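What the coordinates show
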Amino acid sequence: MRPCAEDVENFRKAMSDDPARCLLLGVTPELAELSPTLTAIDNSAAMIAALWHGRQRAILGDWLEMPFAPGSFDTVIGDGCLVLLAHPKQHQRFFEQLTKIVAPGGRILLRVFTSPEQPESRAQVCLEALGGKMKSVHAFKWRLSMAIASESPDHTLNVTETATTFDRLIPDRQRLAAATGWRADEIATIDFYKGSDARYCYPTLSQVRNSIPPSLVEKKVIHGSYELAERCPILVLEPRA
């Protein structure tokens, strides 16, 4: 669920006409051209090397301990940052860092991946897939992962559990292909999760808001129009005057 053209355009519209000093959290190529004066920060040298070919300045650093002076940036943008951080303490620390580095009158735009307030069960998601009620196999994988994460107090899951659950609840992949029209190779992308040590966090939107300090004000929430867009809104935050 990388940002699509609609997401990029929503970022662009929500940014001021002059984003001035702009910080990108991560090295998301789709967002690299949103500002001519953009700095990216990522904690993986491999990701920077792989995705940031000839683009603007990128530095190696930790989002929870950013090496910038207070008020260093007028605009801060990021895509899916919270999914990589533990809820709630790392989320709170993340927003505290953003509060520090954004300048007065600045703006923070974050696309967040959120579970529904009323959680789905693993079985429910799989039954809907077998009923042909989903357009994309990627939306299915995401919904299944969120259903699993909702069972944990911190809304976090090991992604290998998504593949394990899939194999247990939908052992017949041909049946799923017939019900959905998905190709076998598309369905097989769930096998990439097997053996992974990655852990993802999918809080609800209300939980995200609870992690935002009073020093930041939510100005708007922007949703796209694609499948599951309601679960990955762009939050627009500004420092409290």
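These figures come from a predicted structure and were not determined experimentally.

A short note on the overall build of the protein chain
Scanning the protein chain for helices and strands turns up nine helices and nine strands. Dimensions of the protein chain, computed from the C-alpha atoms along their principal axes, are close to 55 × 40 × 30 Å. Within the protein chain, the fraction of its 241 residues that count as buried is 51%. Per element, the accessible surface of the protein chain, about 11300 Å² overall, is 52% carbon and sulfur. Charge separation in the protein chain, taken as the distance between the mean sites of 27 positive and 29 negative side-chain charges, equals 2 Å.

A few points about the pairing of strand β9 (residues 234–239)
Among the six residues that make up β9, five are buried, leaving the element largely enclosed by the rest of the structure. One ladder, built from six bridges, connects strand β8 (residues 216–222) with β9; its direction is antiparallel. Residue pairing for β9: L216 is matched across the bridge by P239.

Description of unusual backbone geometry
Residues H87 and P88 are joined by a peptide bond in cis, for which omega reads 5°. Positive phi outside glycine occurs at A20, with the angle close to 50°. For A20, the location among the structural elements is in the loop between α1 (5–14) and β1 (22–25). Unlike most non-glycine residues, H155 shows phi in positive territory, near 55°. Along the polypeptide, H155 turns up in the loop between α5 (137–149) and β6 (156–158).

Quick word on the environment of W63
Examined against the element boundaries, W63 turns out to sit in the loop between β3 (58–60) and β4 (73–79). Taking the relative accessible area as the measure of exposure, W63 reaches 11% and is therefore buried. Through-space distance from the C-alpha of W63 to that of G26 is 8.9 Å; in sequence the pair is 37 residues apart. Apart from residues no more than four positions distant in its own chain, W63 is found in contact with L25, G26, I41, C81, L84, F94 and Q97. Here I41 takes part through its backbone oxygen, which lies 3.1 Å from a polar atom of the side chain of W63.

Examining the nonpolar core
Ranked by size, the top nonpolar core spans 28 residues in total, and within it F140, F166, L176 and Y202 carry the most contacts. The dominant element in this core, judged by the number of residues it contributes, is α5, at nine residues. Excluding its chain neighbours within four sequence positions, the residues that come into contact with Y202 are V83, F113, S115, W142, S145, M146, A149, H155 and L157. I59, I101, I212 and L235 belong to the second largest nonpolar core, which has 27 residues in total.

A few points about the packing of helix α4 (residues 122–130) against helix α6 (residues 160–169)
Where α4 contacts α6, the axes come no closer than 11 Å and their chain directions differ by 60°. By the criterion of interaxial angle, the relationship of α4 to α6 is oblique. Helix-helix and strand crossings are classified by hand; for α4 and α6 the assignment is right-handed. Along its contact with α4, which presents R122, A123 and C126, the element α6 presents E161, T165, R168 and L169. For the contact of α4 with α6, the residue count by class is three nonpolar, one polar and three charged.

A closer look at the packing of aromatic side chains
Inspection of the entire model under this criterion finds seven aromatic pairs. Between F113 and W142 the ring centres are 4.8 Å apart and the planes differ by 90°, which places this aromatic pair in the edge-to-face class. Taken as a pair, F113 in the loop between β5 (102–111) and α4 and W142 in helix α5 lie far apart in primary sequence, 29 residues in all. The burial state of F113 is the same as that of W142; both residues are buried. Measuring from centroid to centroid gives 6.0 Å for F140 and W182, while their planes differ by 35°, and the two rings are tilted. With F140 in helix α5 and W182 in the loop between α7 (173–180) and α8 (184–187), the pair connects residues that are 42 residues apart, well separated along the chain. Judged by relative accessible area, which is 1%, F140 ranks as buried. Ring-pair connections join several aromatic residues into one group, and the members of that group are W63, F94 and F95.

Digging into the environment of V137
With respect to the helices and strands, V137 occurs in helix α5. The class of V137 is buried, set by a relative accessible area of 5%.

Rules of the game
- Residues numbered from 1 in each chain as written.
- Predicted model: local features only at pLDDT ≥ 70, side-chain atom pairs only at ≥ 80, totals over all residues.
- Heavy atoms only, no water.
- Helix = DSSP H or I, 4+ residues; strand = E, 2+ residues; numbered from the N terminus.
- Buried < 20%, exposed > 50% of the residue type's maximum accessible area, 1.4 Å probe, protein only.
- Areas by Shrake-Rupley, 256 points an atom, 1.4 Å probe, with all protein chains shown as cover.
- Lys, Arg positive; Asp, Glu negative; His and termini not counted.
- Charge placed at Lys NZ, Arg CZ, Asp CG, Glu CD.
- Pairing = 2+ DSSP bridges.
- Contact = heavy atoms within 4.5 Å.
- Polar contact = N/O pair within 3.5 Å; in protein donor to acceptor, adjacent residues only side chain to side chain.
- Core = buried A, V, L, I, M, F, W, Y, C linked by side-chain atoms within 4.5 Å.
- Axes fitted to C-alpha atoms, helices over the stretch in contact; angles between N-to-C directions.
- Parallel < 35°, antiparallel > 145°, perpendicular 65-115°, else oblique.
- Left-handed = near helix turned anticlockwise from the far one by under 90°.
- Nonpolar A, V, L, I, M, F, W, Y, C, P; charged D, E, K, R; others polar.
- Phe/Tyr/Trp six-rings, centres within 6.5 Å; stacked < 30°, edge-to-face > 60°.

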